[in-house]
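Chains, contacts and geometry: an overview
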Amino acid sequence: MEIKFLNLSIKEKSKCIANNFNLKIAPSEITGIYQDNKQLILKLLLNKLSYDGEILIDNKNIFEYNDNLISYVLSLNEKTFLTKKVKDEFFLAKKRLNEYEKSYIQKIVASLRLVGLEEDYLEKDIYTLSKSEKKLLQIALALVVNPDILIFEDPFIYLDKNNFEKLINILFELKRKYKKTIIIYSQDINMLYQITNNLVIFKENKVLISDKTKTVFKDLLFLKDNHIELPEIIQFKEEALLYGIKLQNTKSVNDLIKDVYKNVQENKKEV
């Protein structure tokens, strides 16, 4: 689903914090949000900021949709879970659905398995779970209502390497197979560069740039002038150019390593 923020005048505590705010979030893609220190997009969708203007989802006013449309996976804290057992947490989420219990149990199990957790987790006490498991549980709880839009806040914090890779695959599957619109809030520019299709960079509560992620990093001078951190891969490519080595435009570290190796072999042949 496409999200549009049109001509918004945004207020916080009766103070105007943004004027003429416009932004489009592409449907069925992964969009990264970087440097939004006021978390404008997140708060607007959570209805925590007052505004004049329009927020549209597939060209309909956001208030025309039910609560199941958007699910949020926010940062873990002591208030993230409201019950002691995993199954009880899922039945709190059931209030957002209007289905028979048997069908809901099937949805719970499917959501758990999608994130790599088995059905026996339902009987576990949440406090016994590792932080990685809690993060995966958060995602399963968000998925059980089958939302069209998923918003993640720093989704990779607390994940070990295996679960980091698992979550990347989950996000790609949600986008490709289930056509979910995914928004990721993070200050980790390396991760955003690696996995997002689109990137929105803020500066002083304004959209500095919004475009395809690869396109955003074509004008490096503009980004440097605005003191925007560059991904390590981009920095590495810049360093390589100083030695006359032009590397391919890739987001993957593994592909970058292959390209470096290829250049080394070609240089050996020339020698």
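Up top you'll find the structure we're talking about.
Quantities reported herein were computed from a predicted structural model and do not represent experimental measurements.

What follows concerns the overall build of the protein. Within the protein, the secondary structure is distributed over 10 helices and 10 strands. Relative to its 271 residues, the protein shows a buried fraction of 44%. Sequence separation of 24 or more characterises 63% of the internal contacts of the protein that already satisfy a separation of 6 or more. As displayed, the protein has an accessible area near 15200 Å², and 48% of this comes from carbon and sulfur atoms.

With that settled, the discussion passes to the pairing of strand 7 (residues 149-153). Counting buried positions over the five residues of strand 7 gives five, a clear majority of the element. Covered by surrounding structure in strand 7 are Ile149, Ile151 and Glu153 together with Leu150 and Phe152, the residues of both alternating faces. In this structure, strand 6 (residues 70-73) lies alongside strand 7, joined through four bridges in parallel fashion. When the sheet's bridge partners are listed, Ser71 is paired in strand 7 with Leu150.

Moving on: the packing of aromatic side chains. By convention here, two paired aromatic rings are described through the distance between centres and the angle between planes. In the structure shown here, the tally under the stated rule is five aromatic pairs. Considering the side-chain rings of Phe5 and Phe21, the 6.0 Å spacing of their centres and the 80° angle between planes classify their relative orientation as edge-to-face. Highlighted residues: Phe5 in strand 1 (residues 3-12) and Phe21 in strand 2 (residues 15-25), separated in sequence by 16 residues. Assigned by exposure class, Phe5 and Phe21 land together as buried. When the ring of Phe21 is compared with that of Phe202, the centres are 6.1 Å apart and the planes differ by 20°; the resulting orientation is stacked.

Reading the values: rules and limits
Residues numbered from 1 in each chain as written. Predicted model: local features only at pLDDT ≥ 70, side-chain atom pairs only at ≥ 80, totals over all residues. Heavy atoms only, no water. Helix = DSSP H or I, 4+ residues; strand = E, 2+ residues; numbered from the N terminus. Buried < 20%, exposed > 50% of the residue type's maximum accessible area, 1.4 Å probe, protein only. Contact = heavy atoms within 4.5 Å. Areas by Shrake-Rupley, 256 points an atom, 1.4 Å probe, with all protein chains shown as cover. Pairing = 2+ DSSP bridges. Phe/Tyr/Trp six-rings, centres within 6.5 Å; stacked < 30°, edge-to-face > 60°.

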